[in-house]
Amino acid sequence: MQKTKQVPNFQAINHNSLQWKIYLGYDIFMMFIIVFNLFCISANAILMSHFAIWLSEHLHAIHLLNFYKTELNPWVNKTEGWFICFLIVELLLRWLLAITQRHHQRWFFFPFIHWYEILAIIPQLRFLRLFRAGIIAYRLHELGYEIIPETWQKAAKFYYQVLMEELSDRVVITVIDGIRYELDTSSTHKKMIHDLVDHHREIFAKTLAELLQENLANELKRQQQHLAQHVGLVVEKAIIETPELHQLLRLFPIIGSRLEEQIQSIGKRLGENITQGLLEPWAEPQGTDPNKTYQHIANKISQIDINNADLEKLIESVFYESLAAIRKQVKIKQWQNILIAADQNKTTDQAT
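The following paragraphs examine the structure supplied in this document. (Residues numbered from 1 in each chain as written. Predicted model: local features only at pLDDT ≥ 70, side-chain atom pairs only at ≥ 80, totals over all residues. Heavy atoms only, no water.)

Observations regarding helix α1 (residues 18–47)
- The terminal C-alpha atoms of α1, which comprises 30 residues, lie 43 Å apart, in line with the 44 Å expected from a rise of 1.5 Å per residue.
- Of all the positions in α1, only Trp20, Leu24, Asp27, Met30, Met31, Ile34, Asn37, Leu38, Ile41 and Asn44 are classed as buried.
- Turning to α1, the residues buried within the fold contact α3 (62–100) and α6 (128–142). (Helix = DSSP H or I, 4+ residues; strand = E, 2+ residues; numbered from the N terminus. Expected span 1.5 Å × (residues − 1). Buried < 20%, exposed > 50% of the residue type's maximum accessible area, 1.4 Å probe, protein only. Contact = heavy atoms within 4.5 Å.)

Some remarks on unusual backbone geometry
- At His60, a position not held by glycine, the phi torsion is positive, near 55 degrees.
- With respect to the helices, strands and loops of the structure, His60 is situated in the loop between α2 (50–58) and α3.

Brief notes about the packing of aromatic side chains
- Evaluated as defined, the whole model comprises 10 aromatic pairs.
- Between Trp95 and Phe110 the ring centres are 6.2 Å apart and the planes differ by 15 degrees, which places this aromatic pair in the stacked class. One end of the pair, Trp95, is in helix α3; the other, Phe110, is in helix α4 (residues 109–113), and 15 residues separate them in sequence.
- Of the residues examined, Trp95 reaches a relative accessible area of 23% and is grouped as partly exposed.
- Measuring from ring centre to ring centre gives 6.4 Å for Trp115 and Phe131, while their planes differ by 35 degrees; the resulting arrangement is tilted. (Phe/Tyr/Trp six-rings, centres within 6.5 Å; stacked < 30°, edge-to-face > 60°.)

Section: the pattern of salt bridges
- As enumerated under the stated definition, the model contains seven salt bridges in all.
- With its nearest N and O atoms 3.5 Å apart, the salt bridge here joins Glu80 to Arg126. Placement of the pair is Glu80 in helix α3 and Arg126 in the loop between α5 (115–120) and α6, with a sequence separation of 46 residues.
- In this structure Glu80 comes out as buried when scored by relative accessible area, which is 9%.
- Overlapping salt bridges bring together Glu90, Arg94, Glu117 and Arg132 as one network. (Salt bridge = Lys/Arg side-chain N within 4 Å of Asp/Glu carboxyl O.)

Some thoughts on the environment of Phe86
- Secondary-structure assignment places Phe86 in helix α3.
- Spatially, the C-alpha atom of Phe86 lies 9.7 Å from that of Ile121, the residues being 35 residues apart in sequence.

Re the environment of Ala238
- Inspection of the secondary structure assignment puts Ala238 in helix α9 (residues 201–240).
- Assessed through its relative accessible area of 42%, Ala238 is described here as partly exposed.
- For Ala238 and Gln264, which are 26 residues apart along the polypeptide, the C-alpha to C-alpha distance reads 8.9 Å.

Side note on the packing of α1 against α3
- Interhelical geometry of α1 versus α3 gives an angle of 150 degrees and a closest axis separation of 10 Å. Seen along the crossing, α1 lies across α3 with a hand that is left-handed.
- Within the contact of α1 with α3, the residues separate by chemical class into 16 nonpolar, four polar and four charged. (Axes fitted to C-alpha atoms, helices over the stretch in contact; angles between N-to-C directions. Left-handed = near helix turned anticlockwise from the far one by under 90°. Nonpolar A, V, L, I, M, F, W, Y, C, P; charged D, E, K, R; others polar.)

Structural notes on the packing of α1 against α6
- Contact geometry of α1 with α6 gives a least axis separation of 9 Å together with a crossing angle of 145 degrees. Where α1 crosses over α6, the two elements pack in a sense that is left-handed. Note on element contacts: α6 touches α1 through Arg129, Leu130, Arg132, Ala133, Ile136, Ala137, Arg139 and Leu140, opposite Leu24, Tyr26, Asp27, Ile28, Met30, Met31, Ile34, Val35, Asn37, Leu38 and Ile41.

In structure tokens, the structure reads:
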């Protein structure tokens, strides 16, 4: 008989239970004791530095610094040793508790999940203790406990965005300057430009055909009747201003004037009809496929040979100006705009 594999029974903790309240109080206690420990260590490092000696001499408080070094510094070092022992015991107890209550699917998952706590025991990596305190604070914040004031959160988020924007701007500007340097000092960019144009010929032809269809065809459609009438008037005027035709029609004294009027009318209609017929293929409405004529023109233009000095200069100029525009946009400090907008809002609120 095949045995079924038992799945660990993960139980959710009731937030109103005594166990949950104990966990909550312990997390708060650990967060504050870690922050206090790091504060003491940081203060001790500053007071034991050469800077503290220099400052105490200028403030004539060297006796206070000597008192700290002889009386309080040994207690700080001893407290740090006891605190490391406490962290080791606390970590082992939590690991044992995680095994007994089956918090993880395997008993050895705990040290990998809490790797930062293990490394934080090492004195040289004690700054990782602040990482644990931050995780506890974030977990409490997710549960609705406002450990960190909202103003602090907004300020931290703002300065984080400032830092990331400055770093990303530096990277982008460095890359752009590197590209410009390569273009200025190397001749391989011409091949790159040619490859770039060849790669986009098909897209360029399709886009150009669509632009011609959307703009030129629609405009010809709107102006088709007007153009036909204009050409008809031009033909009629040309007939009127032809002296040979007048001389020929004078040979018919009775019907000559009537024939002249009919010829002028016929010429006008012929001009209108010919114009309408010539513009009809160019003014076809946009359908699922672009106009065949425009598509043919776009294909011919896209296959143009760019081995031309003036054309290469034009493409290089467009490329350089594009890089300059990107560099100019990147140099804009968005965080400064945010500060200016905040100051303006504050001024408006004070005025009202």
